[in-house]
Amino acid sequence: MTISETPTLASRNQLAERPLIWLGAITAGVVVTNLFAPQILLGQIGRSLSMPAWQAGLISTLTLLGYALGLLLLVPLVDLVENRRVILRTLGCAILAALATAFAPKPFLLLLGTFALGASCAAIQMMVPLVASMVAPERRGQAIGEVMSGLMIGILLSRPAASLIADLWSWRAYYVVSAALMALLAGALGRYLPVLQSPVRASYGELLRSFPRLLREEPVLRVRAWTASLVMASPSPPSGRRSRCDCRRRRSASMPRELPLSR
């Protein structure tokens, strides 16, 4: 399916082209913070729930693994289900998962919540074709670039924002704030997103089986896929608070001790 083949039924409250692009960019920027913020919160979460280091490291791993599975298993639903409905339901799952993570009393429930949150963040990639379909063909590349710019800004701001919220309140407060922001976005999207129904007549299994063929036939897709995978696999920085504490310990250990003055 191509965007040009997709019929669109405008909603009564449909936004103009520019506000719709801004709404898509803000949605992508807010939702993507849930994928990278855990990397800076590992230290606090681990200490709060008495998690060993290997288990705390699974928080970020399972979040990104959930996102990868969401891209593989959830994004194809936009070719089967009306787009606004699937986006809102996926975003609703992200809100519930963020709240479940915020109030998780045990490590297992926390890890389960972060995995579900990562999978639900696939709503980002559902927004891109919907926004692009509402733009004139000659401006679709620019529209997609602007939405992805919101995504990149969200990635850049995710760690400092999470660190600031955790320092002011706690790591649980970050997930509560994230859920509140996504709830506001869900309200705006439910009001202003257009109805978009794909003309594709294929089963869910056929869509999944089409992925290997697309990779074989589209060299540009292979390059973009490898680039994105390398970016996502790049090492993340350690938790900021933990690294500052470690630095203080190293400095104190390296400083010579003062000898008592003899009288």
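Anything mentioned here points back to the structure above.
The rules behind the values
- Residues numbered from 1 in each chain as written.
- Predicted model: local features only at pLDDT ≥ 70, side-chain atom pairs only at ≥ 80, totals over all residues.
- Heavy atoms only, no water.
- Salt bridge = Lys/Arg side-chain N within 4 Å of Asp/Glu carboxyl O.
- Helix = DSSP H or I, 4+ residues; strand = E, 2+ residues; numbered from the N terminus.
- Buried < 20%, exposed > 50% of the residue type's maximum accessible area, 1.4 Å probe, protein only.
- Phe/Tyr/Trp six-rings, centres within 6.5 Å; stacked < 30°, edge-to-face > 60°.

**Thoughts on the pattern of salt bridges**
Part 1 of the argument: Tallying each qualifying case throughout the model produces 2 salt bridges.
Part 2 of the argument: Where Glu146 meets Arg18, a salt bridge forms, and the shortest distance between an N and an O atom there is 2.7 Å. Of the two residues, Glu146 is situated in helix α7 (residues 140-168) and Arg18 in helix α1 (residues 17-36); the sequence distance between them amounts to 128 residues.
Part 3 of the argument: Taking relative accessible area as the criterion, Glu146 reaches 22% and is therefore assigned partly exposed.
Part 4 of the argument: Given the relative accessible area of 36%, Arg18 is considered partly exposed.
Part 5 of the argument: Of the charged contacts in the structure, one is a salt bridge between Arg213 and Glu217, with a shortest N-O distance of 3.6 Å. Here Arg213 and its partner Glu217 are both found in helix α9 (residues 204-217), 4 residues apart, which amounts to about one turn of the helix.
Part 6 of the argument: Residue classification places Arg213 among the partly exposed residues on the basis of a relative accessible area of 37%.

**Some words on the packing of aromatic side chains**
Part 1 of the argument: Applying the stated criterion to the full structure yields 2 aromatic pairs.
Part 2 of the argument: With a centroid separation of 6.3 Å and an interplanar angle of 85°, the aromatic rings of Trp171 and Tyr175 are classed as edge-to-face. Note that Trp171 and Tyr175 are positioned in helix α8 (residues 171-192) at a spacing of 4 residues, about one turn of the helix.
Part 3 of the argument: Looking at Trp171, the relative accessible area reads 3%, which means it is buried.
Part 4 of the argument: Take Tyr175: its relative accessible area is 0%, and that puts it in the buried class.
Part 5 of the argument: Measuring from ring centre to ring centre gives 5.1 Å for Tyr174 and Tyr175, while their planes differ by 75°; the resulting arrangement is edge-to-face.
Part 6 of the argument: Each member of the aromatic cluster is reached from another via a ring pair, and the members are Trp171, Tyr174 and Tyr175.

**Side note on unusual backbone geometry**
A negative phi angle is the norm for most residues apart from glycine, just as the trans form is the norm for most peptide bonds.
Part 1 of the argument: Here the phi dihedral of Ser50 falls at roughly 55°; this positive angle occurs in a residue that is not glycine.
Part 2 of the argument: By secondary structure assignment, the location of Ser50 is in the loop between α2 (38-48) and α3 (53-73).

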